[in-house]
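Below, each chain spelled out in residue letters.
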Amino acid sequence: MERVFNFSAGPSMLPLEVLEKAQKEFVCYSSCGMSVMEMSHRSKMFEDIISRAESSLRDLMKIPSNYKVLFLQGGGSLQFSMIPLNLMNKNKKADYVITGQWAKKAAQEAARYGNVNIVASSEDTTFDRIPQLDPSKFDPEADYFYITLNNTIYGTRYTKLPDTGDVPLVGDMSSSILAEEVDITKFGLLFAGAQKNIGPAGVTIVIVREDLLGNAMEFTPTMLKYDIHAKENSLYNTPPTFGIYFAGLVFDWVKEQGGIAQLQKINEYKAGLIYDFLDESKLFRGTVVKEHRSLMNIPFVLPTEELNARFIKEAEAKGLVNLKGHRTVGGMRASIYNAMPVEGVKALVELMKKFEMENR
Ligand SMILES: *Cc1c(COP(=O)(O)O)cnc(C)c1O
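Residues numbered from 1 in each chain as written. Predicted model: local features only at pLDDT ≥ 70, side-chain atom pairs only at ≥ 80, totals over all residues. Heavy atoms only, no water.

Colleague: Please clarify how the sheet that holds strand 5 (residues 144-148) should be interpreted in this entry.
Modeller: Strand pairing in a sheet takes place through backbone hydrogen bonds and is either antiparallel or parallel in direction. Sheet architecture is open: 7 strands sit in the order 2-10-9-8-5-3-4, paired in mixed fashion. Of all the strands in the sheet, the pair left with one neighbour each is strand 2 (67-72) and strand 4 (115-121). Recorded for the sheet is a direction-independent mean angle of 15° between the axes of neighbouring strands. The pairing of strand 3 (residues 93-98) with strand 4 spans 6 bridges and is classified as parallel. Pairing of Val97 across the sheet is with Ala120, part of strand 4. (Pairing = 2+ DSSP bridges. Helix = DSSP H or I, 4+ residues; strand = E, 2+ residues; numbered from the N terminus. Axes fitted to C-alpha atoms, helices over the stretch in contact; angles between N-to-C directions.)

This is the structure we're talking about:
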């Protein structure tokens, strides 16, 4: 069977070369007589796998040596709890910017442990933008300041980071990690679930500045303490070994593509193909304000539900799948992560053009 162009928001498309490499090594890794899944996480072989994955990620993202890289479990969503449990430790206060469902869930979880100050929200316009941030609303005593860098559901992203002074900036980059460059030094902590741009679901990457470790709330479960995982190099207990191995292969692939800066250029080109069409179209309409458009997730709508449904069906017949939008936005959403080839995006734009001709 032919592979399709999969526009799913997550889990999402992975590079074919990486899938094939993993397939080749699936039964017997590096002549060791067993699969990565079957080897001890304490073995020399696996230690090499995890330390290589970490050093590749450090190179790719230019992670300074005073930051720890952790490979954890529990998805992006467990970070919504781990962040307040570990970092809301001085004044029990944190600032949150609400730019979508994920930020909202993160803020709700944090509110169970301390005071959450909602600095701004774009909920009243269905999260079609990053709201204007008024620094006079920032709490200088906040233990951290929380943002979602790329809003997967609504298709927005920060193009400029807030200046939070001495308050550590915490960022959810689940749907933009490895897709565009970020200056790690602007952050106290960054995290991402793997299933959008890195590999199979089950691994969560946390990048955290060392000085923020070690002051978790008294009742924090051991498994939820960053410092425990940092001290044990992510081997406190059995980590998601296969996912970490796979992530390492994806990091190698990103290097082969020329690194994050190069991928960002390609991502800008791919997203530009769709946005340019949407800007000219008289039938299709993007749902996000121009200056905050995501490079990864592009929601768009047709004038009626009937047309939306017909477009999704026609796309599916052409091998362009999972284009249905999130229920809160409706219409379509094209998620075009690193692994979506330019041909996939071109095929989508071609179909949109054809659909417009036929339905004017
Ligand atoms: C997908 C996603 C999450 C949730 O990830 P899980 O691994 O399903 O918990 C959180 N934040 C963002 C921005 C996401 O895209």
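Colleague: When you look at a nonpolar patch on the surface in this model, what are you seeing that I'm missing?
Modeller: Together, Phe26, Val27 and Met37 line one region of the surface with nonpolar side chains, adding up to about 310 Å² of accessible area. Topologically, Phe26 is positioned in the loop between helix 1 (16-24) and helix 2 (44-61). (Patch = residues over 30% accessible without salt bridge, like charges linked within 9 Å, V, L, I, M, F, W, Y side chains within 5 Å. Areas by Shrake-Rupley, 256 points an atom, 1.4 Å probe, with all protein chains shown as cover. Salt bridge = Lys/Arg side-chain N within 4 Å of Asp/Glu carboxyl O.)

Colleague: Got a minute to help me understand unusual backbone geometry in this structure?
Modeller: Note: most residues except glycine have negative phi, and most peptide bonds are trans. In this structure, the amide linkage connecting Gly10 to the following residue, Pro11, adopts the cis form with an omega of -10°. Structurally, the position occupied by Pro11 is in the loop between strand 1 (5-6) and helix 1. Positive phi, normally seen in glycine, also occurs at Ser31, with a value near 50°. Positionally, Ser31 belongs in the loop between helix 1 and helix 2. Backbone geometry at Leu178 places phi at a positive 70°, although glycine is not the residue there. Judged by its relative accessible area of 1%, Leu178 is buried. (Buried < 20%, exposed > 50% of the residue type's maximum accessible area, 1.4 Å probe, protein only.)

Colleague: What exactly am I supposed to notice about the packing of helix 6 (residues 241-256) against helix 7 (residues 259-280) here?
Modeller: Packed helices, taken two at a time, are described by the angle between their axes plus the distance between the axes. Between helix 6 and helix 7, the shortest axis-to-axis distance is 7 Å and the interhelical angle comes to 75°. Between helix 6 and helix 7, the crossing angle belongs to the class labelled roughly perpendicular. Counting all contacts with helix 6, which are made through Trp253, Val254 and Lys255, the residues of helix 7 involved are Gly259, Ile260 and Leu263. Across the contact of helix 6 with helix 7, the residue classes tally to 4 nonpolar, 1 polar and 1 charged. (Parallel < 35°, antiparallel > 145°, perpendicular 65-115°, else oblique. Contact = heavy atoms within 4.5 Å. Nonpolar A, V, L, I, M, F, W, Y, C, P; charged D, E, K, R; others polar.)

Colleague: What is the right way to look at the sheet that holds strand 11 (residues 285-286) in this model?
Modeller: Sheet architecture is open: 3 strands sit in the order 11-12-14, paired in antiparallel fashion. Strand pairing shows two members of the sheet lacking a second neighbour, strand 11 and strand 14 (332-335), which therefore form its edges. Along the sheet face, helix 7 touches strand 11, strand 12 (297-301) and strand 14 and points at about 20° away from the line of strand 12.

Colleague: I would appreciate a short explanation of the side chain of Gln264 in the present structure.
Modeller: In this structure, Gln264 sits in helix 7. By relative accessible area, Gln264 is classed as buried at 17%. A polar side-chain atom of Gln264 sits 2.8 Å from the main-chain amide nitrogen of Glu181. Beyond its immediate stretch of four places on either side in the chain, Gln264 contacts Ala179, Glu180 and Glu181. (Polar contact = N/O pair within 3.5 Å; in protein donor to acceptor, adjacent residues only side chain to side chain.)

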